[in-house]
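Tertiary structure, described
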Amino acid sequence: MLNLLLVMMLFMLLLFSGLWIPFAIAIPSLVYILLVQGWPGLNALGFVTWSSLNSFTLTAIPLFLLLAELLIRSGVATRVYDGLSRIVRHLPGGLLQTNIAGCAIFSAISGSSVATAAGIGSVAMPQLLRRGYSRTMAAGSLAAGGTLGILIPPSIAMIVYGSFTDTSVAKLFFAGLLPGLLMTAVFMAYIAASALLSPNIVPRAGDSSDGHIAIFSLRTASDVLPFVVLIGLTLGSIYVGVVTPTEAAAFGCLLTLVIGKIWGTLDWAILRGSIRRAMIAGASLMFIIYAAQIFSYAVSIDGVGERLTKTFVDMNLSKNELLGAIVVLFLILGCFVESIGIMVITLPLLYPILNSFGVDLIWFGVMMVILIEIGQLTPPLGINLFVIQSIWDGKLGEVIRGVVPFFFLMFVVLCLIWLFPEIATWLPSRM
């Protein structure tokens, strides 16, 4: 265990030095292999490299990233936001409600918190500021709404989780659906209550633009319906078992090309740019996953997982005590490590422990995603905070103040799913 302690200290040192996460994971892992087995231990790296990236499941990641890029860059996301604004802005909170509804809808196709926050935020923030909405509430609702991107299916985080734990990605997707809708409802209820109790967070004059357009009109339908059809066909085909998540992602990309051309401004330049950005983002994620597989191999050859499992079993912890310790661990890591990084660092160690305690891996997958969502709102490394900060002229402190209420609301949802696991497990059990 001394070798493991030294390697973990090296990892923390590299992480806090600002080194890119894949290198911060891979370098200590290689050092650990050398400490345990010497140079011969590196002979297996070729197999680890091939097996970690030769995955049909992981192919869905760049496809969903491409799908999100096409929607954003072709202007379809803007049309969806405008259509939703005419439907939900009459609720208390006005366009702040559109932020949450827009993020929830966009989450159902992007699979990424960053893509959701950036896509909806870049469309919504200028309108919110121009119309006089509360700056902190506008920033907070967009940053918190963006976290729905990895809870409402499809979810890149759940694809990664499924690949590490050998659980059904399709079931993980639908395990996150009801919790995602619950969190959306809680966020929207909070905004409505805040608008009623503090009317100054919304413009006193109200929104007048497009006021002559009915809530449900031909224009609204033309803005929203194509996106709803895209979600329905993509996720519906997974639920009924016609296609795998990877095949659904590929089908979604083809359908998005049609939607982007007819309803958006898709051309060859936008297509090339979208492919390029999706390739860069996908390669970055794959590099993190590859580094994590090296770490997983390093701890497996020394039997660390088995020893940790035995240690926790010998402590006679209850399942809830174990889960409580894991929650604290994730909250601490969320302050310093981005979401996928947290998953790939902890899963190789937690997976055997969870199995030994009989934890439902589908349910725990939802709990883990919510925890890393909370981490995306936690300073100093909450990535959604910086995404929103990058698209407006305000201060980071305003964004942080805006997300604080949503931070606690996410804890409420987490506790509900902890107390009532059926919220997450009911829908997958019906598949």
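Now for a look at the structure at hand. What you are looking at is a predicted structure, and each value in this text was computed from that prediction instead of being measured.

Observations concerning the pattern of salt bridges
Summed over all chains, the structure comprises 4 salt bridges. A salt bridge links Asp223 to Arg79, with the shortest nitrogen-to-oxygen separation between them at 2.8 Å. Highlighted residues: Asp223 in helix H12 (residues 218-239) and Arg79 in helix H5 (residues 76-88), separated in sequence by 144 residues. The buried category is assigned to Asp223, whose relative accessible area is 8%. Residue Glu398 pairs with Arg135 through a salt bridge whose shortest N-O separation is 3.3 Å. Taken together, the positions of Glu398 in helix H20 (residues 396-419) and Arg135 in helix H8 (residues 135-146) put the pair 263 residues apart, joining distant regions of the chain. It is possible to trace a salt-bridge network through shared partners that takes in Arg79, Arg86 and Asp223.

Quick word on helix H16 (residues 319-333)
With 15 residues, H16 should reach 21 Å at 1.5 Å per residue; the first-to-last C-alpha distance of 21 Å fits that figure. Listed in full, the buried residues belonging to H16 are Leu322, Leu323, Ile326, Val327, Phe330 and Leu333. On an axial view of H16, the arc spanned by its buried residues comes to 140°, and they lie on one face.

Observations concerning the packing of aromatic side chains
Applying the stated criterion to the full structure yields 10 aromatic pairs. When the ring of Tyr190 is compared with that of Phe406, the centres are 5.3 Å apart and the planes differ by 80°; the resulting orientation is edge-to-face. Note that Tyr190 is positioned in helix H11 (residues 177-197) and Phe406 in helix H20, a separation of 216 residues in sequence. Looking at Tyr190, the relative accessible area reads 24%, which means it is partly exposed. Seen in terms of ring centroids, Phe407 and Phe411 are 5.4 Å apart; in terms of plane orientation they differ by 65°. Their pairing is edge-to-face. Of the two residues, Phe407 and Phe411 are both situated in helix H20; the distance of 4 residues between them amounts to about one turn of the helix.

Section: the packing of helix H14 (residues 268-301) against helix H17 (residues 339-356)
A packed helix pair is summarised by two numbers, namely the angle formed by the two axes and the spacing between the axes. One way to put it is that H14 packs onto H17 with a least axis distance of 9 Å and a crossing angle of 20°. In terms of orientation, H14 lies roughly parallel with respect to H17. For the crossing formed where H14 meets H17, the hand is right-handed. Residues Leu285, Ile288, Ala292, Phe295, Ser296 and Val299 of H14 form the contact with H17, whose participating residues are Ile340, Val344, Ile345, Pro348 and Leu349.

What counts and how
- Residues numbered from 1 in each chain as written.
- Predicted model: local features only at pLDDT ≥ 70, side-chain atom pairs only at ≥ 80, totals over all residues.
- Heavy atoms only, no water.
- Salt bridge = Lys/Arg side-chain N within 4 Å of Asp/Glu carboxyl O.
- Helix = DSSP H or I, 4+ residues; strand = E, 2+ residues; numbered from the N terminus.
- Buried < 20%, exposed > 50% of the residue type's maximum accessible area, 1.4 Å probe, protein only.
- Expected span 1.5 Å × (residues − 1).
- Arc of directions from axis to C-beta.
- Phe/Tyr/Trp six-rings, centres within 6.5 Å; stacked < 30°, edge-to-face > 60°.
- Axes fitted to C-alpha atoms, helices over the stretch in contact; angles between N-to-C directions.
- Parallel < 35°, antiparallel > 145°, perpendicular 65-115°, else oblique.
- Left-handed = near helix turned anticlockwise from the far one by under 90°.
- Contact = heavy atoms within 4.5 Å.

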